[in-house]
Amino acid sequence: MKYTKALCICWFSLIVVSSCQKAPLETYNHHSNIYFSLDSVLRDSMIFTFAYDMSKTVDTFYIPIQIIGHRIPSDRSYRAYVEQDSSTAIAGQHYKPLETQYPMPGDQGRDSLPLIVYNTPDLENRSVSLLLKLRENEDFGTENLQRIRAKVILSAQLEQPEWWSMWLGSYSRVKHELFYLVTEQRSLTMAGIDAPRNLYFRDMLTMMLNNPFTWVNDHPEKGYLLTSPDNGATYHFYHQDNPNRTILLRRNSGTGQYTFIDENGMEVR
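Below is a short write-up of the structure. (Residues numbered from 1 in each chain as written. Predicted model: local features only at pLDDT ≥ 70, side-chain atom pairs only at ≥ 80, totals over all residues. Heavy atoms only, no water.)

## A short note on the sheet that holds strand S11 (residues 242–251)
- In spatial order, the strands read S9-S10-S11-S12; together these four strands make up an open sheet with antiparallel pairing. Each edge of the open sheet is held by one strand with a lone partner, namely strand S9 (224–227) and strand S12 (258–260). On average, each strand axis in the sheet is inclined to that of its neighbour by 35 degrees, with strand direction left out of account.
- Sheet analysis places S11 next to S12, joined by three bridges and oriented antiparallel. If you follow arginine 250 over to S12, its bridge partner there is threonine 259.
- Running at roughly 110 degrees to S11, helix H4 (residues 173–183) makes contact with S9, strand S10 (234–239), S11 and S12 of the sheet. (Pairing = 2+ DSSP bridges. Helix = DSSP H or I, 4+ residues; strand = E, 2+ residues; numbered from the N terminus. Axes fitted to C-alpha atoms, helices over the stretch in contact; angles between N-to-C directions. Contact = heavy atoms within 4.5 Å.)

If you want it as C-alpha cells, here you go:
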C-alpha cells in the first residue's frame, strides 16, 4: 500500500513538472506606443505666459513624452500635429509650425516635444490656445486616445492678485509688470507681520515710477532702454532684446515729470 501511494505521488509529480516545462514563456511583443506624460489636469490645460519677462521674443515650451513598450538601441521617431479646428493660436504668428517628426533616442523611453512659441503684442490682451495630438507612425502607435492630446494656452497677460490692493493701491497690468521688473517678486503676503518687507518692495516701485531715467542708468544689467520718437514729448521704455514691446512715458504738463501710461491710457502711480 505504501509502495502504491509513493508511486502515485511520483507519477503526479512527473505530470506536473512535464506540464510546467511545456508551458511557453509569454513575452511582451505588443507594438510600442507613445503618449504625453501628463496628468489629466495638465492634458486639459497647460499655461505658458510671457507676462513676467518683457525681454523674450521667443521661447521653447517642453512637453514630456513617454513610450510604453520595448526600448531598442537604435533611434526612432514620433509625429505630432496641431488640430487647427480646435485651436485659436496661429501657426507662424504665435508658434513655429511643428516638425514633420521628432527623434526618440535609442534606449530611451522618455523625451520632450519642443514647442517654440512667440511673444506677440496681442497676447497682452487675450490668450490663445492650441491642441496638440500625437500621430501614429511606423515606430509608435497611439492606442490610448485620451493620452495623446495636450492643450497649451499662450498668454502674456497679468491678472490682479488678491494681495495687490492691500499694499500697492490701484491696479493696471503695466504697473504689475513694472513691479515685477523692479522687485522680482511674484507675490506678497497679506500678513501684518510682513508689512516692513512688503512696504520696502512698494517703495522700490515708487522710486522707479518717480524717476525711470535714473533707474535705467543705475541698472544697466537689466538691459532696458528709454528712447524718444518725438524729440522728448514721449519716451518708449523697452528691453533691448525686444524693442517691439514698449511701455509709453508721457510728460505731465503740470509737474514736468515723465510718467508711465498704462493699458487704459492712465498715468501709473
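## Here we look at the packing of aromatic side chains
- Overall, the coordinates contain 16 aromatic pairs when judged by the stated rule.
- When the centroid spacing of 5.0 Å and the interplanar angle of 85 degrees are considered together, the rings of tryptophan 164 and tyrosine 171 count as edge-to-face.
- The class of tryptophan 164 is buried, set by a relative accessible area of 0%.
- Judged by its relative accessible area of 22%, tyrosine 171 falls in the partly exposed class.
- Judged by centre distance (5.0 Å) and plane angle (85 degrees), the ring pair of phenylalanine 213 and tyrosine 235 falls under edge-to-face. Placement of the pair is phenylalanine 213 in helix H6 (residues 212–218) and tyrosine 235 in strand S10, with a sequence separation of 22 residues.
- Taking relative accessible area as the criterion, phenylalanine 213 reaches 27% and is therefore assigned partly exposed.
- Linked through ring pairs, Trp163, Trp164, Tyr171 and Phe179 together constitute an aromatic cluster.
- The cationic tip of arginine 135 hangs over the ring face of tyrosine 81; the distance from NZ or CZ to the ring centre is 4.0 Å.
- Taking NZ or CZ as reference, arginine 186 lies 4.1 Å from the ring centre of tyrosine 52, over its face. (Phe/Tyr/Trp six-rings, centres within 6.5 Å; stacked < 30°, edge-to-face > 60°. Buried < 20%, exposed > 50% of the residue type's maximum accessible area, 1.4 Å probe, protein only. Lys NZ or Arg CZ within 6 Å of the ring centre and 35° of its normal.)

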